[in-house]
Amino acid sequence: MHSGKNNSKKDLIALQKEILRCRLCEHDFGYKPRPVVQGSHNAKIMQISQAPSKTVHETGKPFNDASGKKLVTDWYKISWEDFYSPEKFYIVSMAHCYPGKAPGGGDRRPPKICSQQWLSKEIELVDNKLYIIIGGFAAKLFFPNESFTELVFEDREINNKPAYIMPHPSPLNVKWFKDNPAFAEKRIIKIRDDVNRLLKGAR
Ligand code: SF4
């Protein structure tokens, strides 16, 4: 193995340990944060979403909720084993912890500090082939001035690597799916084919 890759592996493992110990938002949350991240330095796909749900906070397992069922079973059409394989998916969020409930319903916005503090370093250390960005907040991080719905239907790049932008698979995201049926009818088929093709060649 190339020494640079060895360094990335060690650096990422050390970084993940630091992330798991992070309590930066404890005061703001009003409870003990539980950072969630998993994956290897050589994961084929780096999937970046918004923030863990309450169920994920309670179990510590990413996408272990209704959103995950839709994402893995209906959209990617892959096994849970493949989804949780560290060499296949690096699963992370722009905020690594559940941010709590917003007063008007739904979850609070992902704290911005987390991506500056951690995600930017993870992106440098993961040697992925494809990015999948999930949800409007995460899309804004990479494409701050662009229309979310247009991004979903475009083939984009991040760090000169292909990137797909997807809506959040949350069961609460009803209106977007109603307004944009082409995602479920057409766009997801292209994304699914690419994901499955990449996973077949996984190291
Ligand atoms: S959301 Fe990020 S910055 Fe805040 S406590 Fe969790 S890991 Fe730390």
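To keep things clear, this report deals only with the structure shown in the data block.

Parameters and conventions
- Residues numbered from 1 in each chain as written.
- Predicted model: local features only at pLDDT ≥ 70, side-chain atom pairs only at ≥ 80, totals over all residues.
- Helix = DSSP H or I, 4+ residues; strand = E, 2+ residues; numbered from the N terminus.
- Rg over C-alpha atoms; globule rule 2.2 N^0.38 Å.
- Buried ≥ 20, exposed ≤ 12 C-beta atoms within 10 Å, placed from the backbone.
- Contact = placed C-beta atoms within 7 Å.
- Core = buried A, V, L, I, M, F, W, Y, C linked by C-beta atoms within 7 Å.
- Pairing = 2+ DSSP bridges.
- Expected span 1.5 Å × (residues − 1).
- Bend = angle between axes of the 7 residues up to and from the residue.
- Axes fitted to C-alpha atoms, helices over the stretch in contact; angles between N-to-C directions.

Time to look at the overall build of the chain. Per the secondary structure count, the chain includes 10 helices and five strands. Over its C-alpha trace the chain gives a radius of gyration of 16 Å, about what one expects of a compact globule, namely 17 Å for 203 residues. Each principal axis of the C-alpha distribution contributes one length, and for the chain these read about 45 × 45 × 35 Å. Buried positions account for 35% of the 203 residues belonging to the chain. Of the contacts formed within the chain by residues at least 6 apart in sequence, a portion of 72% connects residues at least 24 apart.

To continue, consider the nonpolar core. Of all hydrophobic cores here, the largest spans 40 residues; its most connected members are Ile48, Met94, Ile132, Ile133, Ala138 and Ile165. Of all the secondary-structure elements, those providing two or more residues to this core are strand S1 (45-49), helix H4 (66-76), strand S2 (89-93), helix H6 (113-125), strand S3 (130-134), helix H7 (136-142), strand S5 (161-166) and helix H10 (181-200). The contacts of Ile133, once residues within four sequence positions are left out, are Ile48, Ala138, Ala139, Phe142, Ala163 and Ile165.

What follows is about the environment of Asn42. Relative to the elements of secondary structure, Asn42 occurs in the loop between helix H2 (26-29) and S1. Residue classification places Asn42 among the buried positions, given that 20 C-beta atoms sit within 10 Å. Spatially, the C-alpha atom of Asn42 lies 6.1 Å from that of Asn128, the residues being 86 residues apart in sequence.

Where S3 and S5 come together, four bridges link them in parallel fashion. Residue pairing for S5: Tyr131 is matched across the bridge by Ala163. Between strand S4 (residues 156-158) and S5, which pair antiparallel one after the other, the connecting turn spans two residues, and Asn159 there sits at a positive phi close to 50 degrees.

The subject of this paragraph is H6. Across its 13 residues, H6 extends 19 Å between first and last C-alpha, which sits within 8% of the 18 Å expected from 1.5 Å per residue. By the largest-angle criterion, Leu119 marks the main kink of H6, which is about 35 degrees. Turning to H6, its buried residues are Cys114, Ser115, Trp118, Leu119 and Glu122.

Quick look at the sheet that holds S3 now. Strand order across the open sheet formed by five strands is S2-S1-S3-S5-S4, with mixed pairing between neighbours. Edge positions in the open sheet fall to S2 and S4, since each of these has one partner strand only. Going from strand to strand, the sheet's axes swing by 30 degrees on average, the running direction of each strand aside.

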